[in-house]
Amino acid sequence: MSYFNTIIMDESDPLTLLGDGQHSTLLLDYNKSSREKLWKALQIWILKPHVLDRRILSRLIFSQKVLARSEVKEDAGYLDRSIQRMLSECMAAEMSEHTITDLSQFDADAPRVLLLLSKVLPRQTEHLRACYELIIIDFKLTEVFFIRLVSSTTTPAAPGYPDDINQSWSYKLSFNPREQQLKLSLSPFYEICHPVTALPVLTPPTQKWLFDTLLPKLVKWTNEVDPETQISARRSIVSIQQYSSVREHLKMKYAQRFIQNWTENTDPQKFVFEDISIAAYLLVLWEEERQRGQIPDKQSFVDLGCGNGLLVHILNSEGHPGKGIDLRKRRIWDTYGPKTHLEEHAIDPGDLGNLQGYDWLIGNHSDELTPWIPVMAFRSSENTRYFVLPCCFYDFDRKYMKNDSKVTQYRSYLNFVLEVGNTCGYNVQEDSMRIPSTKRICHVGFKTKDLPDNRNEREEAIQDYIAERCLLTAMESTAIHTDQDISAASSEMLARHSGTNFEPRQRVEPVRNCSRLDESLKKMIIARVFKAVMDAGKTDHVQEAKRLKTETRWQRGGIITISEAAGLFDKETLGRLKSECGGLKTLLKNFYPVFLLKGDGIQLRDWANLETSQLQGNTKNRAKEQAKREERFKTKLCWFYLHHLDGCPRLITNCPFAHGEEDLRKPL
């Protein structure tokens, strides 16, 4: 049977989709779109479908074939034979470690046809089997076909490789340059016949989703994407298929138990699933390392700054010897049992006694320890590797400050941590993890071979590097200008920052919020900012009153900037604010019933004009928020009732704050 007999209509052009199936068309922006930008948008959907379809973990393109369009047009069976050859080679192609992550080498104007054989991995591998898709790209006509492949030999024990086409699950994206239209067409049987498989399979997108979600998103990407942007699927260090399988296994084993019995004040959904994902990544990474090096024993580890310790617990439970160290013990530590090894004490990069003999050092959101971890790994032993997931931006002796305006703060910090690893002689590989966090880029430091003499030279280079970065801090904060001053400071920094004078954070974090400020000082600041906001709106209020021919409208005042508000106070007052509560902006934010901060502007919060959704909150835990509001209702006096010239803009029955002592009630 010819694979394309069922989807080809016009024999003169074998790339025309058969039938009169459903279709939808959207216009592109004439001024913003182009064929090149559309090709970029299509690459996003081809290479990174998971950014739009949340059921998908990843698409692996493991085979490609480029055909001359002239040969396809002249020989009606040429395309069919090429596809059959790809399918027959499917198993060997997928078993290859090489996957295609970049399509930029293909010219969108070339008279070529590109065949891509892909495997779409579901997020929930325990319940769904991956599916195979054939993608056909006709560059001349700007058409892309997505065709589901099926296997006739699939069994629960051995899911087969594709050897046939499912005509019911194919769709096409095409571009009309004259009309500037992007069209999505479905096969006439789309969604009518489901693929029959022995195992549940990841189904293709629904017709509604394709028309209502994919097509508008492609138009948006086409209008907005930078034509110079490089679109590529990030090549993972570990096997994505294996990672997905291990993560699902760990979720089934650990997630529900710890979410239900979480004793910390943090969000269990985020932290449990994040640590499970990191554990799965490390388990696959270490398994692949053992296979490459033929290592019989499971790797040992130390998690520096382990926090809640869940990552340590999972790794210990999965058979890896190791421990976690943190400055402060968490309540949940007591629930793990004696087989989970956790220690409560400070970590000093100069004292490596607790780290000797371990294979890996882990820094999972390790804050100020992050840049030190490659250094500590190098100094621990010549075979110690490391894994870091940078989050908060710290240098060796201060908060990190970027020096490249062309990149984001996050990218600049990642480059710095990468530079530290390279300075320590590691082969550092960067990877993007699939975790519920915005900071998901990790670094894996693999050892390079250093001869004994080279290690001494490397240690000197590391000390010089640390001293140089610490010297920059001293030059920025003190009067170091002359060569003599720089030389003296450099010697001091080299002695202080060779890893023997690291100062960890305090065991008990100091309270730095408004509660430690003197009440009289807070009242003075609030009153002065309030007056400035009211004065800024006097002119507008008078004009509005004349327009409405009334004087009864509640005065909202005007808008002043943060810098204008700061100018109302002397340096001593601002210094006290900065040291105790983070600054003037933090204090005003904490007085949210009075002030509303938008960008750099400060204005009064007009309770009379707040929408119902704003008053009720817009959180997932709305019932809990409602219970808290009921507990706080009328337990504090209304600031506007006491201090505003027009009183409170809300009626006494609607205001959550008390209008006078007689309206005040005791907290529940």
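Just so we're clear, the structure is a prediction, and the values are computed from it rather than from any experiment. (Residues numbered from 1 in each chain as written. Predicted model: local features only at pLDDT ≥ 70, side-chain atom pairs only at ≥ 80, totals over all residues. Heavy atoms only, no water.)

Details of the pairing of strand β17 (residues 601-604)
The two faces of a sheet get side chains in turn, since along a regular strand they alternate between them.
Then step 1. The pairing of strand β15 (residues 560-561) with β17 spans 2 bridges and is classified as antiparallel. Looking across to β17, one finds that Thr-561 is bridged to Gly-601.
Then step 2. In the sheet, strand β16 (residues 595-598) pairs with β17 via 4 bridges, with the strands oriented antiparallel. Within β17, the residue paired with Leu-596 across the bridge is Gln-603.
Then step 3. Between the end of β16 and the start of β17, which pair antiparallel, lie 2 residues, with Gly-599 showing a positive phi angle near 65°. (Pairing = 2+ DSSP bridges. Helix = DSSP H or I, 4+ residues; strand = E, 2+ residues; numbered from the N terminus.)

Description of the sheet that holds β16
Then step 1. The sheet built from 3 strands is open, its strands ordered β15-β17-β16 with antiparallel pairing. Edge positions in the open sheet fall to β15 and β16, since each of these has one partner strand only.
Then step 2. Sheet contacts for helix α13 (residues 519-536): β15, β16 and β17; angle to β17, the most-contacted strand, approximately 90°. (Contact = heavy atoms within 4.5 Å. Axes fitted to C-alpha atoms, helices over the stretch in contact; angles between N-to-C directions.)

Observations concerning the packing of helix α6 (residues 240-260) against helix α7 (residues 268-293)
Then step 1. In contact at an axis separation of 9 Å, α6 and α7 are set at 145° when each is read in the N-to-C sense. Classified by chirality, the crossing of α7 by α6 is right-handed. Each of Gln-242, Tyr-243, Val-246, Arg-247, Leu-250, Lys-251, Tyr-254, Ala-255, Phe-258 and Ile-259 in α6 lies in contact with α7, whose residues at this interface are Pro-268, Gln-269, Val-272, Phe-273, Ile-276, Ser-277, Ala-279, Ala-280, Tyr-281, Leu-283 and Val-284.
Then step 2. For the contact of α6 with α7, the residue count by class is 16 nonpolar, 3 polar and 2 charged. (Left-handed = near helix turned anticlockwise from the far one by under 90°. Nonpolar A, V, L, I, M, F, W, Y, C, P; charged D, E, K, R; others polar.)

Things to note about the nonpolar core
Most often, soluble globular proteins keep nonpolar side chains buried together rather than apart.
Then step 1. Judged by nonpolar contacts, the single largest core of 41 residues is most densely connected at Leu-250, Tyr-281, Leu-282, Leu-285, Leu-315, Phe-387 and Val-444.
Then step 2. Listed by contribution, the elements that provide at least two residues to this core are α6, α7, α8 (310-317), β11 (360-364), β12 (385-389) and β14 (441-447).
Then step 3. With residues near it in sequence (within four places) discarded, Leu-282 still touches Leu-311, Leu-315, Ile-362 and Phe-387.
Then step 4. Counting residues in hydrophobic clusters, the runner-up holds 36 residues, among them Leu-38, Leu-52, Val-144 and Leu-210. (Core = buried A, V, L, I, M, F, W, Y, C linked by side-chain atoms within 4.5 Å. Buried < 20%, exposed > 50% of the residue type's maximum accessible area, 1.4 Å probe, protein only.)

Some words on the pairing of β14
Then step 1. Summarising burial for β14: 6 of the 7 residues are buried, a large majority.
Then step 2. As paired strands, β12 and β14 are joined by 3 bridges and run antiparallel to one another. Bridge pairing in β14 links Val-388 to His-443.
Then step 3. Relative to β14, strand β13 (residues 426-432) is paired through 7 bridges, and the arrangement is antiparallel. Its bridge partner lying in β14, Ser-432 is registered against Ile-441.

Remarks on the environment of Phe-530
Then step 1. Secondary-structure assignment places Phe-530 in helix α13.
Then step 2. Classification of Phe-530 by relative accessible area gives buried; the value is 11%.
Then step 3. Separated by 35 residues in the primary sequence, Phe-530 and Ala-565 have C-alpha atoms spaced 9.6 Å apart.
Then step 4. Those residues in contact with Phe-530 that sit more than four places away from it in its chain are Phe-595, Leu-604, Trp-639, His-643 and His-644.

Quick look at the environment of Ile-136
Then step 1. Considering the arrangement of structural elements, one finds Ile-136 in strand β4 (residues 131-138).
Then step 2. Taking the C-alpha atoms as reference points, Ile-136 and Ile-83, 53 residues apart in sequence, are found 9.9 Å from one another.

Some words on the packing of aromatic side chains
Then step 1. Tallying each qualifying case throughout the model produces 22 aromatic pairs.
Then step 2. With a centroid separation of 6.3 Å and an interplanar angle of 90°, the aromatic rings of Phe-62 and Tyr-132 are classed as edge-to-face. Here Tyr-132 lies in strand β4 and Phe-62 lies in strand β2 (residues 56-68), a separation of 70 residues in the sequence.
Then step 3. Accessibility expressed as a relative area gives 7% for Tyr-132, which makes it buried.
Then step 4. Centre to centre, the rings of Phe-393 and Tyr-410 are 6.4 Å apart; their planes meet at 35°, and the pair counts as tilted. Linking Phe-393 in the loop between β12 and α10 (409-423) with Tyr-410 in helix α10, this pair joins segments that are 17 residues apart in sequence. (Phe/Tyr/Trp six-rings, centres within 6.5 Å; stacked < 30°, edge-to-face > 60°.)

Some details on the confidence of the model for the protein
Then step 1. Here the protein averages 79 in pLDDT, and 76% of its residues register 70 or above.
Then step 2. Here helix α18 (residues 612-616) is the element of the protein with the lowest mean pLDDT, 44, and α8 is the one with the highest, 97.
Then step 3. Every residue in residues 611-620 scores below 50 in pLDDT, and together they form 10 contacts with partners more than four places removed in sequence or on other chains. (pLDDT = per-residue confidence, 0-100.)

Some thoughts on the side chain of Thr-384
Then step 1. The topology assignment puts Thr-384 in the loop between α9 (372-380) and β12.
Then step 2. Residue classification places Thr-384 among the buried positions, given a relative accessible area of 1%.
Then step 3. At 3.4 Å, the side chain of Thr-384 and the backbone oxygen of Tyr-358 are in polar contact.
Then step 4. A polar side-chain atom of Thr-384 sits 2.6 Å from a polar atom in the side chain of Ser-381. (Polar contact = N/O pair within 3.5 Å; in protein donor to acceptor, adjacent residues only side chain to side chain.)

Let's talk about helix α5 (residues 207-224)
Then step 1. For α5, with 18 residues, the first-to-last C-alpha span of 25 Å sits near the 26 Å given by 1.5 Å per residue.
Then step 2. At Leu-214, α5 shows its maximal kink, close to 25°; a proline, Pro-216, follows between one and four residues later. (Expected span 1.5 Å × (residues − 1). Bend = angle between axes of the 7 residues up to and from the residue.)

Some words on the pattern of salt bridges
Then step 1. The full count for this structure, using the stated rule, is 21 salt bridges.
Then step 2. The residue Arg-379 makes a salt bridge to Glu-459 at a minimum N-O spacing of 2.9 Å. Taken as a pair, Arg-379 in helix α9 and Glu-459 in helix α11 (residues 452-477) lie far apart in primary sequence, 80 residues in all. Across the pair, Glu-459 and Arg-379 agree in class, each one buried.
Then step 3. Among the ionic pairs, Arg-398 bridges to Asp-395, the shortest N-O distance being 3.2 Å. Across the pair, exposure class does not vary: Arg-398 and Asp-395 are buried alike.
Then step 4. One network of salt bridges, with partners in common, ties together Asp-395, Asp-397, Arg-398 and Arg-469. (Salt bridge = Lys/Arg side-chain N within 4 Å of Asp/Glu carboxyl O.)

Description of α7
Then step 1. Along its 26 residues, α7 runs 37 Å from first to last C-alpha, staying within 8% of the 38 Å computed at 1.5 Å per residue.
Then step 2. Capping the start of α7, Asp-267 holds a side-chain oxygen 3.2 Å from the backbone nitrogen of Gln-269, two or three residues further along.
Then step 3. Gln-294 sits one or two positions beyond α7 and adopts a positive phi of about 50°.

Points about the sheet that holds strand β10 (residues 342-344)
Then step 1. Strand order in the open sheet made by the 7 strands is β10-β9-β8-β11-β12-β14-β13, with mixed pairing throughout. Each edge of the open sheet carries a strand with a single partner, namely β10 and β13. On average, each strand axis in the sheet is tilted by 20° relative to the strand beside it, whichever way the strands run.
Then step 2. On top of the sheet, α7 reaches β8 (301-304), β11, β12, β13 and β14; it is set at about 155° to β11, its chief contact.

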